[in-house]
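Structural overview
Below, each chain spelled out in residue letters.
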Amino acid sequence: MNARMLLALLRKDLKVYFANRFFALVTVLGLVAYTIMFFLLPTTVDETLELGIYMAQMPPALEALLADEEVVFYRAESEAALRQAVLDGEIPAGYAFPDDTLARLRAGERLPVTLYLSPELPPDFDGIYAMVLDEFGFALSGQTLDIAATEVTLGPDMAGQQIAPRQRMLPLLTVFILMIECLGLASLISTEIESGTLRALLVTPLTLGGLFAAKGIFGTGFAFAQASLLMLITGGFRTQPVLIATALLLGAVMVTGVAFLIASVGKDLMSVMGWGVLGMLLLALPSFSVLIPGLTTQWVKAIPSYYLVDTVYRVMNHAAGWGDVIGNLLALVVAAAVLMAAGIAVLQRKFR
Amino acid sequence: MTQPAILVEDLTYSYGQNLAVDHINFCMDEGEILGFLGPNGAGKSTTVKMLTGQLRPQAGRATLLGLDVARQPKQVQAQIGICFEVTNLYEEMSGVENLTLFARLFGARDFDAGALLKRVGLDGRGTDKVERYSKGMKQRLMIARALVNHPKILFLDEPTEGLDPTSAQAIRALILEERERGATIFLTTHDMHEADILCNRVAFIERGKIVALDTPHALKQAHGKRMVRAQIARPDGGLEVREILLDRPETAEEIQKMFAGEQVITLHSTEATLEDIFVRITGRGLA
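Within each chain, residues carry numbers counting from 1 in the order of the written sequence. Working convention: letters from A go to chains and numbers from 1 go to ligands, in the order in which they are written. Only residues with pLDDT of at least 70 get local features here, since the model is predicted, and only at 80 or more are side-chain atom pairs given and counted; chain-wide, interface and lining totals rely on the full set of residues. Where side-chain values are given, they derive from all heavy atoms of the structure, hydrogens and water being excluded.

**Notes on the packing of helix α8 (residues 216-223) of chain B against helix α10 (residues 274-282) of chain B**
Residue and element names in this part refer to chain B. With axes taken as lines fitted to C-alpha atoms, and helix axes fitted only over the stretch in contact, angles between N-to-C directions fall between 0 and 180 degrees. Strands are runs of DSSP state E lasting at least 2 residues, helices are runs of H or I lasting at least 4, and numbering of each runs from the N terminus. Interhelical geometry of α8 versus α10 gives an angle of 55° and a closest axis separation of 10 Å. Classified by the angle between their axes, α8 and α10 sit oblique to one another. Our pair here, α8 against α10, has a crossing hand that is left-handed. In contact with Pro-216, Leu-219, Lys-220 and His-223 of α8, α10 contributes Leu-274, Ile-277, Arg-280 and Ile-281. Here the contact of α8 with α10 is composed, by residue class, of five nonpolar, one polar and two charged. What sets the label is the angle itself: under 35 degrees gives roughly parallel, over 145 gives roughly antiparallel, 65 to 115 gives roughly perpendicular, and the rest give oblique. Left-handed is the label given to a crossing in which the near helix is rotated counterclockwise from the far helix by less than a right angle, and right-handed is the label when the rotation is clockwise. Residues count as neighbours in contact if any of their non-hydrogen atoms are within 4.5 Å of one another. Note that Gly is not counted as nonpolar here; it falls among the polar residues with everything else outside the nonpolar set of Ala, Val, Leu, Ile, Met, Phe, Trp, Tyr, Cys and Pro and the charged set of Asp, Glu, Lys and Arg.

**Quick notes on the sheet that holds strand β3 (residues 93-96) of chain A**
All names here are of chain A. Pairing between two strands requires that DSSP report at least two bridges joining them. Read from one edge of the open sheet, five strands run β2-β1-β3-β4-β5, paired in mixed fashion. The strands lining the two open edges of the sheet, one partner per strand, are β2 (72-75) and β5 (147-153). If you compare each strand with its neighbour and ignore which way they point, the axes differ by 25° on average. Judged from the four bridges that link them, strand β1 (residues 50-54) and β3 form a sheet pairing that is parallel. Within the sheet, the bridge partner assigned to Tyr-54 lies in β3 and is Ala-96.

**What to know about the sheet that holds strand β9 (residues 201-206) of chain B**
All names here are of chain B. If you walk across this open sheet you meet the six strands as β6-β7-β8-β3-β9-β10, and the pairing is mixed. Every interior strand has two partners, whereas the edge strands, β6 (80-83) and β10 (209-214), have only one. In this sheet, adjacent strand axes meet at a mean angle of 15° when their direction is disregarded. Judged from the five bridges that link them, strand β7 (residues 153-157) and strand β8 (residues 184-188) form a sheet pairing that is parallel. In the sheet register, Phe-155 faces β8, and the bridge partner there is Phe-186.

**What about the packing of aromatic side chains?**
What characterises a pair of aromatic rings is the spacing of the ring centres plus the angle enclosed by the ring planes. Residue and element names in this part refer to chain A. The pairing test for Phe, Tyr and Trp rings, Trp by its six-membered ring, is centres within 6.5 Å, and the orientation test on the planes gives stacked under 30 degrees, edge-to-face over 60, and tilted for anything in between. Scanning the model with the defined rule gives nine aromatic pairs over all chains in all. Geometrically, the ring pair formed by Phe-212 and Phe-260 is edge-to-face, given 5.5 Å between the ring centres and 75° between the ring planes. Of this pair, Phe-212 sits in helix α9 (residues 208-234) while Phe-260 sits in helix α10 (residues 241-265); the two residues are 48 residues apart in sequence, bridging distant segments of the chain. Classification of residues uses two cut-offs on accessible area relative to the type maximum, computed with a 1.4 Å probe and protein chains only: under 20% is buried, over 50% is exposed, and between them is partly exposed. Taking relative accessible area as the criterion, Phe-260 reaches 1% and is therefore assigned buried. On the basis of an interplanar angle of 90° and a centroid distance of 5.1 Å, the ring pair of Tyr-306 and Tyr-307 is categorised as edge-to-face. Residue classification places Tyr-306 among the buried positions, given a relative accessible area of 15%.

**Brief notes about the interface of chain A and chain B**
Across the boundary between the two partners, chain A contributes 22 residues, which contact 23 residues of chain B. Counting the surface lost from both chain A and chain B, the interface buries some 2100 Å², and carbon and sulfur atoms represent 66% of this. A side-chain nitrogen of Lys or Arg and a carboxyl oxygen of Asp or Glu constitute a salt bridge if their distance falls within 4 Å. Among the ionic pairs, Glu97(B) bridges to Lys15(A), the shortest N-O distance being 3.1 Å. We define a polar contact as two N or O atoms separated by no more than 3.5 Å, with the added condition that, inside protein, one atom must be a possible hydrogen donor and the other a possible acceptor, whereas residues neighbouring each other in sequence contribute only through side-chain atom pairs. The interface formed by chain A and chain B includes eight residue pairs in polar contact (both at pLDDT 80 or more). Looking at the side of chain A that touches chain B, the elements that each hand over two or more residues are α1 (3-19), α7 (165-195) and α8 (197-201) of chain A. With nine residues, α1(A) is the largest single contributor of residues to the side of chain A that touches chain B. In the side of chain A that touches chain B, the residues fall into 11 nonpolar, five polar and six charged. By convention, the term buried area covers the 1.4 Å-probe accessible surface removed from two parts as they join, with the contributions of both added.

**Structural notes on the pairing of β7(B)**
All names here are of chain B. Along β7, five of the five residues are buried, which leaves the element largely enclosed by surrounding structure. Side chains Ile-153, Phe-155 and Asp-157 of β7 all project onto a buried face; the interleaved residues Leu-154 and Leu-156 project onto the opposite face, where all are buried too. Both β6 and β7 contribute to a ladder of four bridges, which runs parallel. Residue Ile-82 lies in a different strand from β7, and its bridge partner there is Phe-155. Looking down the strands as they point away from the viewer, one classifies a crossover as right-handed if the path from the first strand across the helix to the second runs clockwise. In this fold, the crossover linking β7 to β8 by way of helix α6 (residues 165-181) has right-handed handedness.

**Digging into a nonpolar patch on the surface**
Residue and element names in this part refer to chain A. Exposure above 30% relative accessible area and no salt bridge define the residues that can form patches, which grow by joining like charges within 9 Å and nonpolar side chains of Val, Leu, Ile, Met, Phe, Trp and Tyr within 5 Å. Only the protein chains shown count as cover for residues, and all accessible areas are computed by the Shrake-Rupley method using a 1.4 Å probe. Together, Leu-14, Phe-18, Val-28, Val-32 and Ile-36 give the surface a local cluster of nonpolar side chains, amounting to about 410 Å² of exposed area. Elements supplying a minimum of two residues to the nonpolar patch: α1 and α2 (21-40). When residues of the nonpolar patch are assigned to their parent elements, the largest contribution, three residues, is made by α2. Structurally, the position occupied by Phe-18 is in helix α1. According to the relative accessible area criterion, Phe-18 is partly exposed, its value standing at 36%.

**Describing the pattern of salt bridges**
Under the definition given, this model contains 27 salt bridges over all chains. In this structure, Arg61(B) and Glu9(B) form a salt bridge, with 3.5 Å as the shortest nitrogen-oxygen distance. Of this pair, Arg61(B) sits in strand β4 (residues 59-64) while Glu9(B) sits in strand β1 (residues 6-15), and the two are 52 residues apart along the sequence. Residue Arg61(B) is classed as partly exposed on the basis of its relative accessible area, which comes to 39%. Measuring nitrogen to oxygen at the nearest pair gives 3.7 Å for the salt bridge that ties Asp68(B) to Arg61(B). Counted as one network, the salt bridges with shared partners bring together Lys12(A), Asp13(A), Glu192(A) and Lys215(A).

Fair warning: the whole summary comes from geometry, so function is off the table for now.
This is the structure we're talking about:
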C-alpha cells in the first residue's frame, strides 16, 4: 500500500465518520462536555474532619466527649478495622488506644497511642490531632496525660499536596474520550462490513494488511488527537508532556484494538453500542480507584486501562517521571499489542 | 496463439458438504461477452468470487490474463473491474468522491471522474451524495466504479436487475461499448433476453456444473424446435392455430398442402428462447 492509497482511505474514513451525525455530535459534544465537567469540578478540597477511634473499653467521660464534639467520630471494632478504614479512605485519621488503657491510666503509666493518617491530609491538621488527644486526656483523668503518640501514614505521604477532584477526574475523562472514538471506529467498520463497501475495497489492489493499517492509523490518530486536545485544554500537558503523550498514544492503540474486537461482533450501530458500553465500563473501572481511593482492590490491575489511568494520574499529580511509570508503559505496550493482535485476528475472519 | 482472457480448469468449491462449484471448465477469449446463467444457488456467485480472488479454490485453477488468481490475486484484481449485484457504494459520499477513492486505490493515472460520469449518464449529479441517487443512478455509478481502472476483464453481476427499461438499455449500451474497447465481460444474469442480445456465448450452470456452453444461436439450434405457426380460417368463422415443425422431410409438402386446401390468415416462423432451452436441459426454471 502506498501513501496515496493510505491518504485516500483516511480521507474516506474521516468523511464517512463525520457523515454519521450521531458520532460527529458525540465527538464534539464529548470533548466539550468533558472539558466543562473538568472545569466545573472543585479546585479545593473539603477539609471537614472526621476521626476514627479504637479503644477496647471506652470510659463514660470519653463517651460523653465524643457525643458532644462537632468532630465526627467513627468507632472501630478493632485496631485492624480502624487501620483499614483509614486505608480505604473512609476516614482521614484514627487513634488506636492500647487494650490496657484504663489499667495504665490507673497506674499513671505513659500511654502509647498510634495515630493512623491518610496520606492526603493537609499539614494544618497536625495541631488538631494533638489538641484532640489533649482533650481525650482531660476527659479521661481531668489533667494532661503522658501520651506517646506514634504517627503512621498509610500509603505515600501527600501532606500539603491534596489532589483536587478535577485532577482525580481527568484520567476517567481521558478513558471516556478514548472509548468514544473507539465506538466510532467500531461502528464505522461494522457499517462498512454490512453495506459491502469493504468487500468492494478488497477487490482492488488494496491488501488486507493495508486496510488494517489505514483503519489502525485512523482509529489511533483520531483517539489520540481527541485525548490530547482534552489534555491541552485542561492543562494535563503541563508536567511531562512527552510522557503523558506517550501514555495517551499507547492508550489510543489499545482502544483501537478494542474497536476491532467490537466491530467483529457488532452488526449495526445498536449492537456496537451495546458491546461498546460494556467495554467502556470495564475500561473505566480503574479510574474509579483513583477517583475514590480504596473503592477497588488489586484485581483492577488486570484491566489494561489501569496502567494508562495510573500513569496519567501519577505523572500529573505526583510528579512521577519516566523511571516511576516505565512498568506501566511496558504493561500498556503489551496490552496494546495483545488487544490489537486479537482485534485484527478476529476481524479479518469476518472480512473473509 | 493468443492466451485466453479467462481459463478455468476443474474449478471446485464446497461449503461444508454442499458442493457449490463442481469441477467446472471453460475459457474466454479477449473481447468476448460470456453470459453465466443459472438459478439461485446454482454456483454463479461462488464462481465469480473464485475468479475475482475473493475465494480461494479448493481444487482446480483459474487464470486471468495468464495470472493464477489464487496465487496472484492482487495482480489480477488490478486488471479487473467488478460490479456487484448488491449496491455497495459509500452513500455518504458524492459520486465523484466514490470514483476518486477507487481510482486512487487502483493508482489510475488518467482518471477523469467527469468524463466517466458523463459516459454513464450521471453528468451534473457528480457532486450529489449517493444517498440521493435513484436505484438506476446507483447502478450506473456502480458500473462507472468498475471502469475507473480501464479493466481488461469486467465482472457484471445482474447489472440491470430491477431497473427501468431506459436505465437497463443505457447499461446494455455501456456493456457493448466496453466490448468494443476490447474488454472481456463475464456477465451473470437472470435475464435470458439480455443474455441473448449481449452475449457471444452463454453458459448454463446448474448444481455447480456447467450443463451447456455455446453461442445462443447454436444452443437454439441444438436444443430448440424450429417451427412455423399458422392461423387458419375455419369453416365456422373461427381461427385454428397450427404448428408445423421444420427440419423434417415432410415439412415442405405439409405447408404446400395447407396453402392449397385451406385459407391461411398468418404464418410466422418461431424459435425457442434461451429460457425454453434452459428448462429443457435442466428440467427446471431460473427462479
